[in-house]
Amino acid sequence: MAKLIDGKAYAEALRGRIAVAVASLKKNHNLTPGLAVVLVGEDPASKVYVANKAKQTVEVGMNSWEHKMPADTSEADLLAIVQKLNNDSSVHGILVQMPVPKHIDSAKVLNTIDPAKDVDGFHVVNVGRLSTGQDALTACTPVGCVMLAKATLGKLDGLNAVVIGRSNIVGKPVAQLLLAENCTVTIAHSKSKDLPGIVRQADLVIAAVGRPEMVKGDWIKPGACVIDVGINRIERDGKNKLVGDCDFASCEKVAGSITPVPGGVGPMTIACLLHNTVKAAAAMKGIKTPEM
Ligand code: GUN
């Protein structure tokens, strides 16, 4: 049976180290990092994420602001809020919760955020910096995946890593991070030919395809490390259930290690967001990022 990778415990420990770093920035530099989150509309999942972000931001000692805007907010009004936050020196991190309503151009919104405050790492400047090996604010879920893989496997050098999914939020940036860790990286997706055959080559599988329980145990190379990014809500036996992109019951019999859903990658995302906010605040003040 695979070893369970406890993302919840790892994220809790990381938040503890972030709280120590925040306290030291306050004491030694009179700097309190601050994160502003903008939510447009009433998407229930987004509301839960935003509330969790605000709670954890305050728990580690940082300033937190929430801007809740109605679903019919115009693009111009949203861009104006982003500009206001860009110009506010007490705000070090800006996050506009995705998805935004369809009448708003999400790329335009993300590229209006000051790259120095782009704690989501979605601005083209940060994406470009990541892919050219320059210091960047990097997307939170991908960073969380790589932290868990390294905590489990140690060095990733030379491993065959297969990323399933090619989104801008997870698939593409996690592939870049794994390349930087000297993995041999394959990006596969729902339209790849012989997906099971490709996944069977992997020492490290990152499943981020958004399809409930798609990856089966007989796709997994014995002993491989499986990081499951999926969060899918399904009905089973008349009950509402959260499942990943991997069929946990069959995969855990073959893998060497695997993240559960929930309690795996999920908790890492907010911890990495707080990490990025401290990094952004220190950079803006021209001081070294504290160890975390
Ligand atoms: N929606 C789902 N995941 C994310 C994320 O990491 N950042 C933002 N801004 N929106 C999201």
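Anyway, here's the lowdown on the structure attached to this text. (Residues numbered from 1 in each chain as written. Predicted model: local features only at pLDDT ≥ 70, side-chain atom pairs only at ≥ 80, totals over all residues. Heavy atoms only, no water.)

### Quick notes on the environment of M69
With respect to the element layout, M69 can be found in strand β3 (residues 63–69). Setting aside chain neighbours within four positions, we find M69 in contact with V38, L39, V40, G41, D77, L78 and I81. (Helix = DSSP H or I, 4+ residues; strand = E, 2+ residues; numbered from the N terminus. Contact = heavy atoms within 4.5 Å.)

### Considering the nonpolar core
Ranked by internal contacts, the top residues of the largest apolar core, which has 52 residues, are I18, L178, L204, I206 and I227. Among the secondary structure elements, those contributing two or more residues to this core are α1 (7–29), β2 (34–40), α6 (140–153), β5 (160–164), α7 (171–180), β7 (204–207), β8 (225–228) and α10 (266–285). Tallying contributions element by element places α10 first for this core, with nine residues. Residues L78, I81, I104 and I113 belong to the second largest nonpolar core, which totals 20 residues. (Core = buried A, V, L, I, M, F, W, Y, C linked by side-chain atoms within 4.5 Å. Buried < 20%, exposed > 50% of the residue type's maximum accessible area, 1.4 Å probe, protein only.)

### Focus on the pairing of β7
Burial along β7 is two-sided: the residues L204 and I206 and V205 and A207 are all buried. For β5 and β7, the ladder comprises four bridges, and the chain directions are parallel. Within β7, the residue paired with I164 across the bridge is A207. (Pairing = 2+ DSSP bridges.)

### Some details on the environment of G223
Considering the arrangement of structural elements, one finds G223 in the loop between β7 and β8. Residues G223 and G256, 33 residues apart in the sequence, show an inter-C-alpha distance of 3.7 Å. In contact with G223, other than residues within four places in its own chain, are V254, A255 and G256.

### So, the pattern of salt bridges
Taken as a whole, this structure holds eight salt bridges when the rule is applied. E181 is paired through a salt bridge with K150; the nearest N and O atoms lie 3.1 Å apart. Of this pair, E181 sits in the loop between α7 and β6 (184–188) while K150 sits in helix α6, and the two are 31 residues apart along the sequence. Residue E181 is classed as partly exposed on the basis of its relative accessible area, which comes to 22%. Under the relative-accessibility criterion, K150 is labelled partly exposed at 36%. Note that K221 is salt-bridged to D203, the shortest N-O span being 2.8 Å. Note that K221 is positioned in the loop between β7 and β8 and D203 in the loop between α8 (195–199) and β7, a separation of 18 residues in sequence. (Salt bridge = Lys/Arg side-chain N within 4 Å of Asp/Glu carboxyl O.)

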